[in-house]
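A closer look at the structure
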Amino acid sequence: MSYESTAQPIKIGYLFDFLLPEFYPQEMRDDLIRPFELVFNDGLRQRVIDRPVQVVYREVEGLPKGTAKAVIDAYGELVDEGCLVVFGPHITENAVPTREAIEERLRVPAINVCGSDDWLGEWTFAFPQGSMTDEPIFWADLLTKGGHTEVGVLVEQSLVGESYLKNLRNACRCKGIRVVAEAQVAQTAQDVGAAIRSLHEAKPTAVVHCTGFAVIKWTKTATSVACPWPYPEAKVYDPQGFYERNGQPGPYSAGIWSTWMSAQPHGRPDVQLPADGGRCTAGHV
């Protein structure tokens, strides 16, 4: 029989580096933690671990709307509470400076879904859903498929934008695509008219926007899609219904679109096709 029949839980931190809006459904907030609870509870039942795991959650406003300091301070609080590992932060502008703080003084490992190679280190690990290194290669491939040889680039004034731009230049060079103009825009909502006009004057046949794709789709800042769906061998990924609204035939990728990663609280919307069938139909492409 063991000396103690009970033990303090193992603590892991969950650092969410942007504030979710007040109207964000509680069920979707709970979904952030539930996968961890499911796995660790299962591990406890199977005696893979010998004590429960407690997830300690922190949510702060990091960059671009807040500060990296707020994120680093929150990480320090999780360390002070005894967390042995932290999931987050996830936004590149917050993750990279937090890595420096982890290596210099905090000394508790972290895992995130950050897309920057600059995050990776002795204490910092990632399971990215794409990255700022490989995504520009994908963009250049799409540009080539579309027959574009001269492009303009709209660049977010951030570490994300700079990283995307650097790798896009390399990818375009490999594909024989010439970047004829680059214009910078702020991360937050600003007048981008001058930047757009400067790109227009350079007369590119396509414009690449170097920024966080997922956030643009979540907020419906952009709803346009490339017609037709460029990967006919794969099901159409369309959680917001943008492709279907433009008449793109299925089949559509199945998924649980109400999770926070897709930001569709009520699931994939019901879509009404336009009267003319939409610009993704055979007669319009």
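A few points on the structure. Owing to the predicted nature of the structure, the values given are computational and were not obtained by experimental measurement.

Moving on: the sheet that holds strand S7 (residues 178–185). In spatial order, the strands read S7-S6-S8; together these 3 strands make up an open sheet with parallel pairing. Edge positions in the open sheet fall to S7 and strand S8 (206–210), since each of these has one partner strand only. Adjacent strand axes in the sheet meet at a mean angle of 20 degrees when their direction is disregarded. Here 5 bridges tie strand S6 (residues 150–156) to S8, and the two strands are oriented parallel to one another. From the neighbouring strand, Leu-154 faces S8, where its bridge partner is His-209. The strands touched by helix H6 (residues 159–175) are S6, S7 and S8; relative to S6, the strand with the most contacts, the crossing angle is about 165 degrees.

With that settled, consider the sheet that holds strand S3 (residues 86–87). The 5 strands lie next to each other as S2-S1-S3-S4-S5, forming an open sheet whose pairing is parallel. In this open sheet, the two strands that pair with only one neighbour each are strand S2 (53–59) and strand S5 (124–126). Here 2 bridges tie strand S1 (residues 10–16) to S3, and the two strands are oriented parallel to one another. Residue pairing in the sheet places Gly-13 in a bridge with Val-86 of S3. The sheet strands contacting helix H2 (residues 34–45) are S1, S2 and S3, and the helix crosses S1 at an angle near 165 degrees.

All right, on to the pairing of S7 then. By the bridge criterion, 7 bridges tie S6 to S7 in an arrangement that is parallel. Bridge pairing in S7 places Glu-156 opposite Val-185. In this region the chain leaves S6, passes through H6 and returns to the parallel neighbour S7; the handedness of that crossover is right-handed.

All right, on to helix H4 (residues 92–106) then. Turning to H4, its buried residues are Thr-92, Glu-93, Asn-94, Ala-95, Val-96, Thr-98, Ala-101, Ile-102 and Leu-106. Contacts made by the buried residues of H4 are with helix H3 (68–80), strand S4 (110–112), S5, S6 and H6. Count one or two residues on from H4 and you reach Arg-107, which has phi positive near 55 degrees.

Turning next to the packing of aromatic side chains. Inspection of every chain in the model, using the stated rule, returns 7 aromatic pairs. Ring geometry for Tyr-14 against Phe-87: centres 5.1 Å apart, planes inclined by 85 degrees, an arrangement best described as edge-to-face. You can see Tyr-14 sitting in strand S1 and its partner Phe-87 sitting in strand S3, a full 73 residues away along the chain. By way of ring pairs, the aromatic residues Tyr-14, Phe-16, Phe-18, Phe-36, Tyr-57 and Phe-87 are connected into one cluster.

The subject of this paragraph is the nonpolar core. Counting residues in hydrophobic clusters, the biggest one holds 20 residues, and the most contacted among them are Leu-15, Tyr-75, Leu-78, Ile-102, Leu-106 and Trp-119. Put simply, the parts of the chain that give this core at least two residues each are H3 and H4. Counting residues per element, this core draws most heavily on H3, which supplies 6 residues. Residues within four places of Leu-106 in sequence aside, it is in contact with Tyr-75, Gly-76, Val-79 and Ala-101.

Cut-offs and rules
- Residues numbered from 1 in each chain as written.
- Predicted model: local features only at pLDDT ≥ 70, side-chain atom pairs only at ≥ 80, totals over all residues.
- Heavy atoms only, no water.
- Pairing = 2+ DSSP bridges.
- Helix = DSSP H or I, 4+ residues; strand = E, 2+ residues; numbered from the N terminus.
- Axes fitted to C-alpha atoms, helices over the stretch in contact; angles between N-to-C directions.
- Contact = heavy atoms within 4.5 Å.
- Right-handed = clockwise from strand over helix to strand, strands pointing away.
- Buried < 20%, exposed > 50% of the residue type's maximum accessible area, 1.4 Å probe, protein only.
- Phe/Tyr/Trp six-rings, centres within 6.5 Å; stacked < 30°, edge-to-face > 60°.
- Core = buried A, V, L, I, M, F, W, Y, C linked by side-chain atoms within 4.5 Å.

As far as function goes, none of this settles anything; it's purely spatial.
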